[in-house]
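# Understanding the architecture of this molecule
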Amino acid sequence: MAGNADEVIRRLHEEPPGNDRCFFANVALICASWKGHEDLVRRLLIEGGADPLYQFQTGQTALMFAARWGRLRIVETLVEYGAAVGQADSRGEVAADYASRGGFTELAEMLRN
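These lines cover the structure that appears in this document, whether it is placed above or below. (Residues numbered from 1 in each chain as written. Predicted model: local features only at pLDDT ≥ 70, side-chain atom pairs only at ≥ 80, totals over all residues. Heavy atoms only, no water.)

## Some details on the overall build of the protein chain
The cut-off we apply is this: Think of it this way: any DSSP run of H or I at least four residues long counts as a helix, any run of E at least two long counts as a strand, and we number them from the N terminus. Accessibility here uses a 1.4 Å probe with only protein chains present; expressed as a share of the type maximum, an area under 20% marks a residue as buried, one over 50% as exposed, and anything in between as partly exposed. Throughout, a residue-residue contact means that at least one pair of heavy atoms, one from each residue, lies within 4.5 Å. Per-residue and other accessible areas were derived by the Shrake-Rupley procedure at a 1.4 Å probe size, with only the shown protein chains allowed to occlude residues.
When helices and strands are tallied, the protein chain shows 7 helices and 0 strands. Across the 113 residues that make up the protein chain, the buried fraction comes to 38%. In the protein chain, the proportion of contacts linking residues at least 24 apart, taken out of those at least 6 apart, comes to 64%. Put simply, the protein chain shows about 6200 Å² of open surface, and 53% of that area lies on carbon and sulfur atoms.

Written as structure tokens, this is what we have:
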């Protein structure tokens, strides 16, 4: 995966600075969080300019996707870099709700406390 992470970061830096680069970095962060690519998540936050608070069209965040699929280390990384556990989507659900729906009750409790 390291080679793919390198490629994603390289391509992000080829985009001119501005809204498009930020959009691509944020969408990449959501996808990497959902799919469990820990190294890419960290690199997008550090090198790619991704915003851990970015909300997709329905208000979902990378933290919500990571919580839904039980990606504990990604959840911890996102929180470390500023993701807000109380940030709600367009339905009023937070990351703990996503973890519960995925059957990750311990993760949901961790996010609630």
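Picking up after the structure, the text goes on.
## Observations regarding the packing of helix H3 (residues 38-46) against helix H5 (residues 72-80)
What counts is decided by this rule: Only the contacting stretch of a helix is used when fitting its axis, a line to C-alpha atoms as for every element, and angles between N-to-C directions run 0 to 180 degrees. Oblique is the label for any angle not covered by the other classes, which are roughly parallel (under 35 degrees), roughly antiparallel (over 145) and roughly perpendicular (65 to 115). Residues are grouped as follows: Ala, Val, Leu, Ile, Met, Phe, Trp, Tyr, Cys and Pro are nonpolar; Asp, Glu, Lys and Arg are charged; every other residue, Gly included, is polar.
The N-to-C vectors of H3 and H5 enclose an angle of 5°; their axes lie 10 Å apart at closest approach. In terms of orientation, H3 and H5 fall into the roughly parallel class. Between H3, through Glu 38, Val 41, Arg 42 and Leu 45, and H5, the contact on the second element is made entirely by Arg 73, Ile 74, Thr 77, Leu 78 and Glu 80. In terms of residue class, the contact of H3 with H5 is made up of 4 nonpolar, 1 polar and 4 charged.

## Let's talk about the nonpolar core
Threshold: We call a set of buried residues a nonpolar core when its members are Ala, Val, Leu, Ile, Met, Phe, Trp, Tyr or Cys and they connect through side-chain atoms within 4.5 Å of each other.
Core analysis: the biggest nonpolar cluster contains 29 residues, and Leu 29, Val 41, Leu 44, Ala 67, Val 75, Leu 78 and Leu 111 have the highest contact counts within it. Those elements that provide at least two residues to this core are helix H2 (19-35), H3, helix H4 (62-68), H5, helix H6 (95-101) and helix H7 (105-112). Of all the elements, H4 adds the most residues to this core, at 6 residues. Every residue in contact with Leu 111, bar those within four places of it in the chain, is listed here: Ala 67, Val 75, Val 85, Ala 95, Ala 96 and Ala 99.

## Let's talk about the environment of Leu 63
As for its position among the elements, Leu 63 is in helix H4. Discounting residues that sit within four places of it in the chain, Leu 63 has contacts with Val 75, Leu 78, Val 79, Ala 83, Ala 84, Val 85 and Ala 95.

## Some thoughts on the environment of Glu 76
Topologically, Glu 76 is positioned in helix H5. Residue classification places Glu 76 among the partly exposed residues on the basis of a relative accessible area of 41%. Along the backbone, Glu 76 and Leu 63 are 13 residues apart, and their C-alpha atoms lie at a distance of 9.1 Å.

## Observations regarding the pattern of salt bridges
Using the following cut-off: For this document, the term salt bridge refers to a Lys or Arg side-chain nitrogen within 4 Å of an Asp or Glu carboxyl oxygen.
Evaluation of the coordinates by the stated rule reveals 8 salt bridges. Ionic pairing is found between Glu 93 and Arg 91, a salt bridge with its closest N-O pair at 2.8 Å. Residue Arg 91 is classed as exposed on the basis of its relative accessible area of 56%. The salt bridge partner of Glu 109 is Arg 112, with a shortest N-O separation of 3.8 Å. Here Arg 112 and Glu 109 lie together in helix H7, a separation of 3 residues that amounts to about one turn. Residue classification places Glu 109 among the partly exposed positions, given a relative accessible area of 43%.

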